[in-house]
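A structural walkthrough
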Amino acid sequence: MHQILVADAISADGLQPLLEYENAILIEKKVTDPGVDLKNIEALLVRSATKVTEELLEEMPNLKIIARAGVGVDNIDVNAATRRGIIVVNAPDGNTISTAEHTFAMMASLMRKIPQAHQSVKNLEWKRNAFVGQELFGKSLGIVGLGRIGTELAKRAKAFGMNIYVYDPFLTKERAQQLKVERCTLDEVLRQADIITVHTPLTPETRGLIDAEAIKKTKQGVLFLNCARGGIIDEQALAEYIGNGHVGGAALDVFAVEPPGEHPLLKYDNVIVTPHLGASTKEAQLNVATQVAKEVRTYFEDKPVSNS
Ligand code: NAD
Ligand code: MLT
């Protein structure tokens, strides 16, 4: 019997392909829970909470496959896994629409100050002049990283009459024309955009991609969105430029350390936040869980996996 550890909260309905598999036992526990027999685990299913480090892999000598129920594998030491012959699979497109919709909702909320106005009315105030917003129509949206989520966001922003400027070193001229977006350098995006959103993976190249020097090049009043990964936008630099009034606000779903605890960005009224909810919809969670459950079962049935 293959022992499969489901270490993070993963949709139970999506795990059906594994629950129906007679050669597997599913154990729903954290890797740190007492009594978890890590030595005999052959498959590990995680979201972003479990950090799959080299030290953890050392405790799991029988591990054969790690499945990430989501896109980003930055919580997994993929090199260490590969060195041990462990396959890493993810669910690359199950949460694309949810995350693009969440980013769009954050952008609209930031422009119309909806969270702040909501809180004010709940505090029994009625301050109509305090919450004058801005239209999305006609504004320039800078997208850094035009992959699956960036593309879906661009389509929605176009439908709202926004102009889209993209920096993505892998974006071809043909694809940009097809999507009706303008292909730019990072500097061009920084200088032209009213709103800048990042949708790259977190890698050594993208960590701190938007740092103080980059923010200095932006328009006065620019807004930033980060629904990708904490650390792509340097948080200290962002806090500094919000504090000095150059940046007009930010909408953040992710932080370099989660939960962020006492954080300089949280003190600003023009910073709106959610607790890493981009993919938190019923649909996305069912999609990603089903995708990885099928992959793990496929692997144990000795068939080739697709998203490794
Ligand atoms: P994707 O792989 O489809 O797209 C990533 C894009 O980034 C690609 O087009 C790639 O060319 C581009 N890119 C890579 N390096 C770059 C660089 N240095 N500069 C500019 N562009 C660069 O991934 P996706 O599905 O669109 O997801 C993007 C990221 O969003 C994921 O890696 C994940 O970390 C994050 N994410 C967050 C949530 C959430 O809950 N908030 C949900 C899903 C994904
Ligand atoms: C992802 O990379 O897919 C996201 O972080 C979503 C998640 O796992 O909640």
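Heads up: the structure comes first, above all this text.
Predicted model only: the values in this text are computed from it and were never measured.

The helix and strand inventory of the chain stands at eleven helices and twelve strands. Relative to a compact globule of 308 residues, whose C-alpha radius of gyration would be 19 Å, the chain shows 21 Å and is just as compact. Its C-alpha atoms give the chain principal-axis dimensions of about 65 × 50 × 30 Å. Across the 308 residues that make up the chain, the buried fraction comes to 41%. Residue pairs in contact within the chain that sit at least 24 positions apart in sequence constitute 61% of those at least 6 positions apart.

Below, the discussion takes up the site of ligand 2. Taken together, R47, S48, G70, V71, G72, N95, G278 and A279 make up all the residues around ligand 2. Partitioned by chemical class, the residues of the shell around ligand 2 number two nonpolar, five polar and one charged.

Judged by nonpolar contacts, the single largest core of 49 residues is most densely connected at I164, V166, F224 and A250. Leaving out residues up to four positions away in the same chain, F224 has contacts with I196, I233, L238, V247 and A250. L45, V52, A279 and A293 belong to the second-largest nonpolar core, a separate cluster that totals 35 residues.

The next thing to look at is the site of ligand 1. Around ligand 1, a shell composed of 31 residues is seen, among which G72, G145, G147, P201 and G278 lie nearest. At three residues, helix α6 (residues 148-159) tops the list of elements feeding residues into the shell around ligand 1. Among the residues forming the shell around ligand 1, the class breakdown is 13 nonpolar, 13 polar and five charged.

Turning our eyes to something else, we now look at the packing of helix α4 (residues 96-112) against α6. Where α4 meets α6, the axes come as close as 8 Å, and the angle between the chain directions of the two elements is 50°. Here α6 runs oblique to α4, going by the angle between their axes. Taken as a pair, α4 and α6 cross one another with a handedness that is right-handed. Across from T96, I97, T99, A100, T103 and F104 in α4, the residues of α6 making contact are R148, I149, E152, L153 and R156. Classifying every residue of the contact of α4 with α6 gives five nonpolar, three polar and three charged.

We now examine the sheet that holds strand β9 (residues 195-198). Here seven strands make up an open sheet; going across it, the order is β8-β7-β6-β9-β10-β11-β12 and the pairing parallel. Unpaired on one side and paired on the other, β8 (182-183) and β12 (271-273) mark the two borders of the sheet. Pairing analysis gives three bridges linking strand β11 (residues 247-252) to β12, with the strands arranged parallel. Residue L252 lies in a different strand from β12, and its bridge partner there is V273.

This part is about the environment of V247. Within the secondary structure, V247 sits in strand β11. The class of V247 is buried, set by 25 C-beta atoms lying within 10 Å. Sequence spacing of V247 and D93 is 154 residues, and the spatial spacing of their C-alpha atoms is 32 Å. When neighbours within four sequence positions are excluded, V247 is seen to be in contact with I215, V222, F224, L238, Y241 and I242.

Attention shifts here to the pairing of strand β5 (residues 87-90). Sheet topology places strand β4 (residues 65-68) next to β5; four bridges connect them, and they run parallel. Paired with I66 across the bridge in β5 is V88. On the question of chirality, the crossover connecting β4 to the parallel β5 by way of helix α3 (residues 78-83) is right-handed.

Definitions and limits used
- Residues numbered from 1 in each chain as written.
- Chains lettered and ligands numbered in written order.
- Predicted model: local features only at pLDDT ≥ 70, side-chain atom pairs only at ≥ 80, totals over all residues.
- Helix = DSSP H or I, 4+ residues; strand = E, 2+ residues; numbered from the N terminus.
- Rg over C-alpha atoms; globule rule 2.2 N^0.38 Å.
- Buried ≥ 20, exposed ≤ 12 C-beta atoms within 10 Å, placed from the backbone.
- Contact = placed C-beta atoms within 7 Å.
- Near = placed C-beta within 6 Å.
- Nonpolar A, V, L, I, M, F, W, Y, C, P; charged D, E, K, R; others polar.
- Core = buried A, V, L, I, M, F, W, Y, C linked by C-beta atoms within 7 Å.
- Axes fitted to C-alpha atoms, helices over the stretch in contact; angles between N-to-C directions.
- Parallel < 35°, antiparallel > 145°, perpendicular 65-115°, else oblique.
- Left-handed = near helix turned anticlockwise from the far one by under 90°.
- Pairing = 2+ DSSP bridges.
- Right-handed = clockwise from strand over helix to strand, strands pointing away.

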